Every structure is written in structure tokens, then in C-alpha cells.
Amino acid sequence: MAEIIFHGSNVEVAEPKILQNGFYKDFGYGFYCTKYKKQAKRWAISRRGESVLNWYSYQPDDSLRILSFEHMTEKWLDFVVLCRKGIEHNYDIVEGPMADDQIWNYVESFLEEKISRKAFWELVRFSYPTHQMVFCTENALKTLRFEGSDKSVSYTHLRAHE
């Protein structure tokens, strides 16, 4: 069964592509989406220029290599650390919580051994839910169908619909 997922950008993205933009993200390079419309709107308004919310129907494909993290776990933390260090993986799709700016600060502190693993988990347990889904291969992108976009996303529009 297809589900709707969202991508925030500064342009309409009718044909998603895998971009390698020079810095490492939580789950490596790819096309990032979320099941949370509000989160995608936040991504859109954080870009320069226009703020565009794009949405897609996603049809799962059991033949793809998919790694899914339901919650922040030890395995999730280790995977994010490896990806943020630039170590590549062989998954088509990776899905799970997002290390937003605050969480990433905790990850960096953990990497620099400024806080323990236990302290990391104490700090992040009060975070609001986030979600990201990265499409890492061309085969993964084939599971998406562009459904539309909204170019009227703004900070005041986001605040009015919280």
C-alpha cells in the first residue's frame, strides 16, 4: 500500500535525484523525505529562496535493501556516527529518527568523548519525534511518484498550522 511522504526544498522536485552535496548526513547521501508534513515544511523554510513542500506516493519494494530504525537506539547511534564520518553503506533506503541540530550537538559531544553513551541517551530522551527516509539508489527512487507541491510555505504559514 502506498503512503504519502514529504520533501522540503527551495524548488519543486518532480524528479528526485541523489545529491552528493559535500557534507555528510545522518544516513549518508541520498534524497531525504519524511512522513511528517510539518517537518518537511521546516526543511523548506530553512532554505534560501522559495520554500516548497513536495509530496510523493511511496510504494514499498521488498526486493530493496532497507534498514529501518523505529526509535533512537544504540544501533541507530552507531550507524549515524559512521554515516556522519563519511563511511558509506550498501542500503537502498534507510529510515528512522533524525539527528536534528540539538541531537547532532549531543552526537558530536559523544564522538569527542565529552559525554558518555549513557549521558547521550539521557539528553535525547526528551526530544520530539522526528522521521527521515533517505532514498540512496536509483532503484530506491523508482518507488516514489511525484504527487504535487506547494510553493506557499512560509514561517508564518507554518506557525499558523502547528
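About the cut-offs
- Residues numbered from 1 in each chain as written.
- Predicted model: local features only at pLDDT ≥ 70, side-chain atom pairs only at ≥ 80, totals over all residues.
- Heavy atoms only, no water.
- Pairing = 2+ DSSP bridges.
- Helix = DSSP H or I, 4+ residues; strand = E, 2+ residues; numbered from the N terminus.
- Axes fitted to C-alpha atoms, helices over the stretch in contact; angles between N-to-C directions.
- Salt bridge = Lys/Arg side-chain N within 4 Å of Asp/Glu carboxyl O.
- Buried < 20%, exposed > 50% of the residue type's maximum accessible area, 1.4 Å probe, protein only.

Moving on, we get to the sheet that holds strand β1 (residues 3-9). In space, the 3 strands of this open sheet follow the order β1-β3-β7, with antiparallel pairing throughout. On the outer flanks of this sheet lie β1 and β7 (144-150), each paired with one strand and no other. Each strand of the sheet is rotated relative to its neighbour by a mean of 25°, with strand direction disregarded. Pairing analysis gives 7 bridges linking β1 to strand β3 (residues 52-58), with the strands arranged antiparallel. Bridged to Ile4 within β3 is Ser57.

Where charged atoms of side chains with opposite charge meet at close range, the side chains can pair. Under the criterion given, the structure shown has 6 salt bridges. Lys114 is paired through a salt bridge with Glu112; the nearest N and O atoms lie 3.0 Å apart. When the shortest N-O distance is used, the salt bridge between Arg145 and Glu147 registers 2.6 Å. According to the relative accessible area criterion, Arg145 is exposed, its value standing at 53%. Residue classification places Glu147 among the partly exposed positions, given a relative accessible area of 34%.

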